[in-house]
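What the coordinates show
So the chains spell out like this:
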Amino acid sequence: MAKIDFGGTIEEVITRKEFPLAKARKILKDETIAVIGYGVQGPAQALNLKDNGFRVIVGSRSDGKGWKRAQEDGWKPGKTLFDIPEAVERGTIIQLLVADAVQKEIWPVVKPRLKEGDALYFSHGFAIVYQKLTGVVPPPFVDVIMVAPKGSGTSVRRNFLSGAGINSSFAVAQDYTGRARERCLALGIGIGSGYLFPTTFEHEVFSDLTGERGVLMGALAGIMEAQYEVLRAHGHTPSEAFNETVEELTQSLIRLVDEKGMDWMYANCSATAQRGALDWKPRFKKAVLPVFKELYERVRTGKEARRVLQACGRPDYQEQLQKELNAMRDSEMWRAGAAVRALRPKEPARKLGKGVKGIAGRASN
């Protein structure tokens with residue numbers, strides 16, 4: 001492992017240098033990787049593994065949307081595409097990449113078809129950590145491992161194709177074969193991870209559920225809506241409210257944060273923006289810290305997991321979900337956003353030579 005200083009704490013991570021693709025191929029040369037589920041993570045991980053030279057098959061319901069999508073992506077029924085029971089039987093590594101609520105539903109089909117020495121692979125700790133709710137209790141004769149990419153399936157695929165990769169966490173919950181860790185790391189490299197950092201199933205699911213409900217999705221969307229509504233209530237046009245709330249964040253500021261960090265983004269904004277942001281940051285933190293503490297406690301105690309299983313397991317869940325997503329899409333804010341996106345210039349990017357000026361930013365004020 002490489003030892004990296006993360007903000008003053010030394011952590012060990014696996015990079016492609018320590019664990020090259022050739023090593024991963026050697027470790028998994030006799031394995032058949034059965035990717036169960038072709039929804040969010042399934043397509044990206046299956047295609048990345050296939051492109052990297054691993055033996056991959058896909059398991060999906062023949063009457064579902066995933067089956068059709070898999071065929072469109074080149075998986076052949078009876079050759080590389082099978083129904084879920086047959087895919088599990090054919091595989092030696094079973095990647096359960098269906099939604100958390102669906103894992104509970106298909107587990108009675110999967111469990112009796114697991115063979116001694118198989119590896120049961122997850123990209124989320126949910127089913128194992130909350131097994132009292134999900135019923136997913138692996139038999140003692142299989143490895144139980146996890147590689148959790150820190151991004152959506154589309155990001156996993158796009159980053160793979162660009163060569164950048166995406167960082168992932170990994171964990172081993174059960175090592176029957178004595179090879180669980182090397183199988184886990186090989187799969188992490190195989191799906192295109194830029195680097196892998198160790199965690200536990202518990203830590204992964206607690207941080208993941210908190211992050212999705214917090215900064216990554218729930219909090220971000222809620223804060224955007226609140227600011228937009230205040231601006232509109234004071235007479236600002238939809239285009240102005242959207243540009244000042246979303247467009248500048250996504251098209252400019254967050255890219256600067258990604259490039260060199262929050263302080264660098266601040267350093268490359270106006271003095272007025274800097275001062276206001278530094279003054280108001282503590283107030284926002286004070287306001288939301290109690291909410292995050294409550295959120296983490298609900299995740300830790302399983303209340304959020306129970307909510308997921310109850311809601312997502314309903315027969316009409318997809319219909320209800322679409323209504324909620326449609327309400328978001330059809331709100332004034334996001335209709336304004338569609339109009340703003342349509343106005344973005346479509347010219348091809350200019351080539352940046354060594355002598356191009358004005359793109360480096362300033363290192364300090």
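Now for a look at the structure at hand.

A word on the layout of surface pockets. Here the second largest pocket defines a volume of roughly 170 Å³. In this structure, the second largest pocket is lined by Gly39, Val40, Pro43, Ala44, Leu47, Arg69, Asp73, Ser152, Gly153, Thr154 and Arg157. The set of elements that each furnish at least two residues to the lining of the second largest pocket consists of helix 2 (41-51) and helix 8 (153-162). Broken down by class, the residue content of the lining of the second largest pocket amounts to four nonpolar, four polar and three charged.

With the rule as written, the count across this model stands at six aromatic pairs. When the centroid spacing of 5.2 Å and the interplanar angle of 65 degrees are considered together, the rings of Phe126 and Tyr130 count as edge-to-face. No difference in accessibility class separates Phe126 from Tyr130, as the two residues are buried. Between Trp280 and Phe284, the ring centres sit 6.2 Å apart and the planes meet at 50 degrees, which makes this aromatic pair tilted. On the criterion of helical spacing, the pair formed by Trp280 and Phe284 is a turn pair, its members being four residues apart in helix 14 (residues 271-300). Of the residues examined, Trp280 reaches a relative accessible area of 44% and is grouped as partly exposed. Among the residues examined, Phe284 registers a relative accessible area of 51% and is labelled exposed. For the cation-ring pair, Arg283 lies above Trp280, with the distance from its terminal atom to the ring centre recorded as 4.2 Å.

Moving on, we get to the pairing of strand 10 (residues 193-198). As judged from the two bridges shared by strand 2 (residues 9-15) and strand 10, these two strands associate in the antiparallel manner. Its bridge partner lying in strand 10, Ile14 is registered against Leu196. Direction of pairing for strand 9 (residues 166-174) relative to strand 10: parallel, over a ladder of four bridges. Note on strand 10: the bridge partner recorded for Ser169 is Phe197. As a crossover connection, the stretch from strand 9 through helix 9 (residues 180-190) into strand 10 is right-handed.

With respect to the element layout, Ser193 can be found in strand 10. Given a relative accessible area of 1%, Ser193 falls into the buried group. At a separation of 2.8 Å, a polar atom in the side chain of Ser193 contacts the side chain of Ser168. Here Gly188 takes part through its backbone oxygen, which lies 2.8 Å from a polar atom of the side chain of Ser193. If we ignore the near neighbours within four places in the chain, the residues touching Ser193 are Arg16, Val147, Ile166, Ser168 and Gly188.

The subject of this paragraph is the pattern of salt bridges. Inspection of every chain in the model, using the stated rule, returns 21 salt bridges. With its nearest N and O atoms 3.0 Å apart, the salt bridge here joins Asp51 to Arg157. Here Arg157 lies in helix 8 and Asp51 lies in helix 2, a separation of 106 residues in the sequence. Residue Arg213 pairs with Glu212 through a salt bridge whose shortest N-O separation is 3.8 Å. Look at Glu212 and you get partly exposed, because its relative accessible area is 31%. What emerges from the salt-bridge pattern is a single network uniting Glu31, Asp143, Arg179, Glu182 and Arg183.

This brings us to the nonpolar core. Counting 33 residues, the largest nonpolar core has Phe19, Leu28, Ile33, Trp75, Tyr121 and Leu187 as the members making the most contacts within it. For this core, the elements supplying multiple residues, two or more each, are helix 1 (21-27), strand 3 (33-36), helix 2, strand 4 (56-59), helix 3 (65-72), strand 7 (119-122), strand 8 (143-149) and helix 9. With six residues, the top contributor of residues to this core is helix 9. When residues no more than four places from it in sequence are discounted, the contact partners of Tyr121 are Gln45, Ile93, Ile94, Gln95, Leu96, Leu97, Ile145, Val147, Leu187 and Ile191.

A few words now on the environment of Val230. Its location among the elements puts Val230 in helix 11 (residues 218-233). Classification of Val230 by relative accessible area gives partly exposed; the value is 48%. Note: C-alpha distance between Val230 and Ala241 (11 residues apart in sequence) is 8.8 Å.

Parameters at a glance
Residues numbered from 1 in each chain as written. Predicted model: local features only at pLDDT ≥ 70, side-chain atom pairs only at ≥ 80, totals over all residues. Heavy atoms only, no water. 1 Å grid on protein atoms, 1.4 Å probe; cavity = no way out; pocket = protein on both sides within 12 Å on 5 of 7 lines; lining within 4 Å. Points joined across faces, edges and corners; volume = space filled by probe spheres on them. Helix = DSSP H or I, 4+ residues; strand = E, 2+ residues; numbered from the N terminus. Nonpolar A, V, L, I, M, F, W, Y, C, P; charged D, E, K, R; others polar. Phe/Tyr/Trp six-rings, centres within 6.5 Å; stacked < 30°, edge-to-face > 60°. Buried < 20%, exposed > 50% of the residue type's maximum accessible area, 1.4 Å probe, protein only. Lys NZ or Arg CZ within 6 Å of the ring centre and 35° of its normal. Pairing = 2+ DSSP bridges. Right-handed = clockwise from strand over helix to strand, strands pointing away. Polar contact = N/O pair within 3.5 Å; in protein donor to acceptor, adjacent residues only side chain to side chain. Contact = heavy atoms within 4.5 Å. Salt bridge = Lys/Arg side-chain N within 4 Å of Asp/Glu carboxyl O. Core = buried A, V, L, I, M, F, W, Y, C linked by side-chain atoms within 4.5 Å.

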